[in-house]
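The lines below spell out each chain.
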Amino acid sequence: MSKHDPLENDHIWPKSEGGPDEDHNIRRIPRSENRSKGAQMPTPFEVMDSNDPLRLAREMDENYWSSPASKRAKKKKGNK
């Protein structure tokens with residue numbers, strides 16, 4: 001990192017994907033990295049960057065199972 005690539009806040013789990021705007025979902029990374037990664041879901045290694053990775057992983061799991069896409073997939077398989 002150089003002085004030309006300052007650190008900025010990054011949502012580990014993107015807000016656009018349902019991530020909370022809370023401390024356990026924010027990390028400091030170089031601006032160029034943050035801008036290039038876009039709104040993609042984090043890898044397990046990125047979740048570990050959280051100050052509370054278990055909480056973040058649990059919230060992501062709960063959100064996945066309650067999301068409309070997950071409900072459609074369960075319905076398609078015959079589960080309700």
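Cut-offs and rules
- Residues numbered from 1 in each chain as written.
- Predicted model: local features only at pLDDT ≥ 70, side-chain atom pairs only at ≥ 80, totals over all residues.
- Heavy atoms only, no water.
- Helix = DSSP H or I, 4+ residues; strand = E, 2+ residues; numbered from the N terminus.
- Polar contact = N/O pair within 3.5 Å; in protein donor to acceptor, adjacent residues only side chain to side chain.
- Salt bridge = Lys/Arg side-chain N within 4 Å of Asp/Glu carboxyl O.
- Buried < 20%, exposed > 50% of the residue type's maximum accessible area, 1.4 Å probe, protein only.
- Expected span 1.5 Å × (residues − 1).
- Arc of directions from axis to C-beta.
- Contact = heavy atoms within 4.5 Å.
- Core = buried A, V, L, I, M, F, W, Y, C linked by side-chain atoms within 4.5 Å.

Chemist: Quick question: what am I supposed to make of the environment of arginine 35 here?
Modeler: Structurally, the position occupied by arginine 35 is in helix α1 (residues 31-37). A distance of 3.0 Å separates the side chain of arginine 35 from the side chain of glutamate 8, its partner in a polar contact.

Chemist: How do you make sense of the pattern of salt bridges when you look at a structure like this?
Modeler: It is possible for side chains bearing opposite charge to pair when their charged atoms get close. The full count for this structure, using the stated rule, is nine salt bridges. Close ionic contact of arginine 31 with glutamate 8 constitutes a salt bridge, the shortest N to O distance being 3.3 Å. Of this pair, arginine 31 sits in helix α1 while glutamate 8 is found in strand β1 (residues 7-11), placing the two residues 23 residues apart along the sequence. According to the relative accessible area criterion, arginine 31 is partly exposed, its value standing at 38%. On the basis of relative accessible area, glutamate 8 is assigned to the buried category, the value being 12%. Between arginine 27 and aspartate 49 there is a salt bridge, and its shortest N-O distance comes to 2.6 Å. In this pair, arginine 27 sits in strand β2 (residues 26-30) while aspartate 49 sits in the loop between α2 (44-47) and α3 (53-66), placing the two residues 22 residues apart along the sequence. With a relative accessible area of 44%, aspartate 49 lands in the partly exposed category. It is possible to trace a salt-bridge network through shared partners that takes in Asp10, Arg27, Lys37, Glu46 and Asp49.

Chemist: Any chance you could explain α3 here in plain terms?
Modeler: Within an α-helix, residues lying three or four positions from one another point in the same direction, as the helix has 3.6 residues per turn. The end-to-end C-alpha separation of α3 is 20 Å, in line with the 20 Å expected for 14 residues at 1.5 Å each. When we look at burial in α3, the residues that qualify are Leu56, Glu59 and Met60. Looking straight down α3, one finds that the buried residues subtend no more than 100° of arc, so they occupy a single side. In the core, the buried residues of α3 are packed alongside α2.

Chemist: Can you walk me through the nonpolar core in this structure?
Modeler: The nonpolar side chains of a soluble globular protein tend to be buried with one another. Core analysis: the largest hydrophobic core is formed by five residues, namely Ile12, Trp13, Val47, Leu56 and Met60. Leaving out residues up to four positions away in the same chain, tryptophan 13 has contacts with Gly18, Gly19, Pro20, Asn25, Met41, Pro42, Leu56, Glu59, Met60 and Asn63.

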